[in-house]
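Topology and contacts: notes
Spelled out from the first residue to the last, the chains are:
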Amino acid sequence: MTRRRRRGRVRAALLGLGLLGGLLGGAQARTVKIISADTLELRQVDDQELVIITGDVELRVDDDVVRARRVEFNRTRRTLTLIGAASYRSARDGQNLSGENLVVELGQEQVTGEDVLISDSQLEIRGQEIERIPGQLRATGGYFTTCARCGRTPNDFAFRAERLLLYPGDRLVAYRAQLLLADVPVLFLPVLVLPLNDRERQPRLEVGRDAVDGYTVQADLPFSIGSSTLGTTLLRYYQNRDPSLGLGVSLRSYAPLAWVDRVNLYALANPRPVGSSGYDLDLNFGVRGRVPLELALRDLDYTLGVTRSDIGRSDTDPQRGVTNVTFGAKVDYPLYTAEFNYVNRFGPEPTTALSAPLKLPEVTVDPKVYTNGNLSADFRVSAGRYTGASNPLSRSASAKGVNITTERLEEQHSLAYTARPWQNADLSLSNTFTGRYYGTGARTVQLNLGATLTQRFNTTNTFSVGAGYLRTEGTSPLAFDALYGRTLSAP
């Protein structure tokens, strides 16, 4: 019998066995088909039915492709054991697994093996032991890189880890990982996360040479903490700076704690330019969350922000070394709404006028509008300690410098009353007032009184008479709420 005829018979026999195995395996069974082989042998071992296939074996497991020199198909356990060097290509994930003694679990769609190489369009992974299940691949003693197709040996950069978890098309998680530059370990990371579907969070490595800084390296390495925190480690190297190495982190966390909804952090300590020593710091930290309170209409909302920006600033820049802190909280009760605000800056004292006032702190209480028949009243009170630009119209404030610090109490109210004194007549009275009182003894007042009487004679003819009183007086020591001019207007 010729070799071609023998292959044809083997192919037909195994095709029949594979189809039969698929039918016996139930609704979720996978179909095994032979594409090519040299010999086929049927065995019964310990009440288990084995099909031994040897030669240049190529099988199709549904759409997946298996290649090996020897395959043992255990139809009882529904496993394929690929003896020696073999490969398994997953059509769904586009992955190629090549290694020694691969085992394919047909019922669970699982692949295990030793000394396995996995490759796809984005990654190349090598592992001492590999286990592949639907939607996940696990490896121990792993080595992986995203630049295996760069054509350079050794790879520009790669990673070695004790344990790997690969979620195809989503992310790769490496535990106890080392960063390798040209296969030389340079950094240890407890956890490293490589997002596969987010280009902005891919590892980034840039090596350059500058006339002033010499050789430079910028590396961004993603990581994760649990399932809610994603971040990137920032590494910077400048050959001629003192010190040469900079380090930072960028992360965002979703609901890491019970009362925290979101945390954002960007921090980078970068070596100062050549000619200076030490570090410049960029910092942007933000927290947003909610705290449940009894009797409140909704949870207390709060935000915290801390910012600093030194990188790129000159030594004479007034914002160098300045850290800005803002905190705000608001709660809503049935009778009133309350706010707490804290705005401050730390660092060198400002030498120019502040563009926005500092609140050290400020508390605001805003009762709900009161109504009784035709009468309505709305009040609002705030008190705090403020630092802000001095009002140039106030001599005492200007004498203390470009900025002044003082206490401030503000009371606002709005009263309205409507009535019908006689038939077809409407009377409307209003009173709005804003008074501000300062720790320096200064005060400002804004008062507006108004009255309107309207008489209707028929559907088209009316007669109205109105009176108003407007008073504005006082000088604020703070520029941000200064009143310009003095006003007195009467009927």
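Bear in mind the structure is a predicted one, so any value in this text is a computation, not a measurement.

Cut-offs used in this document
- Every chain is numbered on its own, with residues counted from 1 as its sequence reads.
- Since the coordinates come from a predicted model, pLDDT governs what is reported: local features require at least 70, and pairs of side-chain atoms require 80 or more to be given and counted, while whole-chain, interface and lining totals use all residues.
- In computing side-chain values, all of the structure's heavy atoms are included and hydrogens and water are not.
- Helix and strand assignments come from DSSP, with helices taken as H or I runs of at least 4 residues and strands as E runs of at least 2, each series counted from the N terminus.
- It only takes one pair of heavy atoms within 4.5 Å for two residues to be counted as in contact.
- Patches draw on residues past 30% relative accessible area with no salt bridge. Two like charges within 9 Å are joined, as are two nonpolar side chains (Val, Leu, Ile, Met, Phe, Trp, Tyr) within 5 Å.
- Methods summary: accessible areas were calculated by the Shrake-Rupley approach with a probe of 1.4 Å, and residue burial reflects only the protein chains presented.
- Here a salt bridge means any side-chain nitrogen of Lys or Arg lying within 4 Å of a carboxyl oxygen belonging to Asp or Glu.
- Neither His nor the chain ends is counted toward charge; the positive residues are Lys and Arg and the negative residues Asp and Glu.
- Each charge is placed at NZ for Lys, CZ for Arg, CG for Asp and CD for Glu.
- Relative accessibility thresholds used throughout: buried, under 20% of the residue-type maximum; exposed, over 50%; partly exposed, between the two (1.4 Å probe, protein chains only).
- Cavities and pockets are found on a 1 Å grid laid over the protein atoms alone: a cavity is a set of points where a 1.4 Å probe fits but cannot escape, a pocket is an open set with protein on both sides within 12 Å along at least five of seven lines, and a lining residue has an atom within 4 Å of such a point.
- Grid points are joined across faces, edges and corners, and a volume is the space filled by probe spheres set on the points.
- Side-chain classes follow a simple rule in which Ala, Val, Leu, Ile, Met, Phe, Trp, Tyr, Cys and Pro form the nonpolar group, Asp, Glu, Lys and Arg form the charged group, and the remainder, Gly included, forms the polar group.
- In this analysis, strands are considered paired if DSSP registers two or more bridges between them.
- Among buried residues, the Ala, Val, Leu, Ile, Met, Phe, Trp, Tyr and Cys ones that are joined through side-chain atoms within 4.5 Å form a nonpolar core.
- A residue's pLDDT is simply how confident the predictor is in it, with values from 0 to 100.

A count of helical and extended segments in the protein chain gives two helices and 29 strands. A fraction of 40% describes how many contacts in the protein chain between residues 6 or more apart in sequence connect residues 24 or more apart.

Below, the discussion takes up a negative patch on the surface. A grouping of Glu100, Glu114, Asp115 and Glu129 is seen on the molecular surface, where their side chains present a negatively charged patch. Within the secondary structure layout, aspartate 115 lies in strand 7 (residues 110-119). With relative accessibility at 54%, the residue aspartate 115 sits in the exposed group.

This part takes up empty space enclosed by the protein. Overall, the coordinates contain one cavity of 30 Å³ or more when judged by the stated rule. Forming the boundary of the largest cavity are Phe157, Leu179, Leu181, Pro203, Arg204, Leu205, Ala219 and Leu221. Elements that contribute at least two residues to the lining of the largest cavity include exactly strand 11 (171-181), strand 13 (204-210) and strand 14 (214-225). Split by residue class, the lining of the largest cavity holds seven nonpolar, no polar and one charged.

Moving on, we get to unusual backbone geometry. Cis geometry is adopted by the peptide bond preceding proline 243, which originates at aspartate 242 and carries an omega value of 0°. Within the secondary structure, proline 243 is located in the loop between strand 15 (229-238) and strand 16 (245-257). For the bond from leucine 360 to proline 361, the omega torsion is -5°, close enough to zero to count as cis. Within the fold, proline 361 resides in strand 22 (residues 358-367). Positive phi outside glycine occurs at alanine 255, with the angle close to 50°.

What follows covers the pattern of salt bridges. As enumerated under the stated definition, the model contains 28 salt bridges in all. Among the salt bridges present, the one from aspartate 280 reaches arginine 272, with a minimum N-O distance of 3.4 Å. You'll find aspartate 280 and arginine 272 in the same group, each marked buried. For the salt bridge of aspartate 332 with lysine 368, the shortest nitrogen-to-oxygen distance reads 3.1 Å.

Counting buried positions over the 14 residues of strand 3 (residues 48-61) gives ten, a clear majority of the element. Inspection of the sheet shows strand 1 (residues 32-36) paired to strand 3 by four bridges, in the antiparallel sense. Counted as the bridge partner of lysine 33 is arginine 60 from strand 3. Following strand 2 (residues 39-45), the chain reverses through two residues before pairing antiparallel with strand 3; aspartate 46 in that reversal takes a positive phi of roughly 50°. Where strand 3 meets strand 4 (residues 64-74), ten bridges bridge the pair, whose relative direction is antiparallel.

Relative to the assigned elements, proline 318 resides in the loop between strand 19 (300-309) and strand 20 (323-332). By relative accessible area, proline 318 is classed as partly exposed at 48%.

Here we take up the pairing of strand 8 (residues 124-133). Here strand 7 runs beside strand 8; their pairing, made up of eight bridges, is antiparallel. Opposite leucine 117, over in strand 8, you have arginine 126 as the bridge partner.

Computed from the structure, the largest pocket encloses a volume of approximately 310 Å³. By residue number, the principal contributor to the lining of the largest pocket is strand 21 (residues 336-346), which donates three residues. In terms of residue class, the lining of the largest pocket is built from nine nonpolar, seven polar and two charged.

A word on the nonpolar core. Counting residues in hydrophobic clusters, the biggest one holds 45 residues, and the most contacted among them are Leu59, Leu80, Phe144 and Leu172. With residues near it in sequence (within four places) discarded, leucine 80 still touches Leu59, Val61, Val71, Glu72, Phe73, Leu102, Val103, Val104 and Leu106. The next biggest cluster of nonpolar side chains, apart from the first, holds eleven residues, and it includes Val260, Val263, Val291 and Ala296.

This part is about the confidence of the model for the protein chain. Predicted confidence across the protein chain gives a mean pLDDT of 84, with 88% of residues reaching 70 or more. This model gives residues 1-7 a pLDDT under 50, and the stretch forms seven contacts once residues within four places in sequence are excluded. Within the model, pLDDT remains below 50 along residues 9-28, and this stretch shows 34 contacts once partners closer than five positions in the same chain are excluded.

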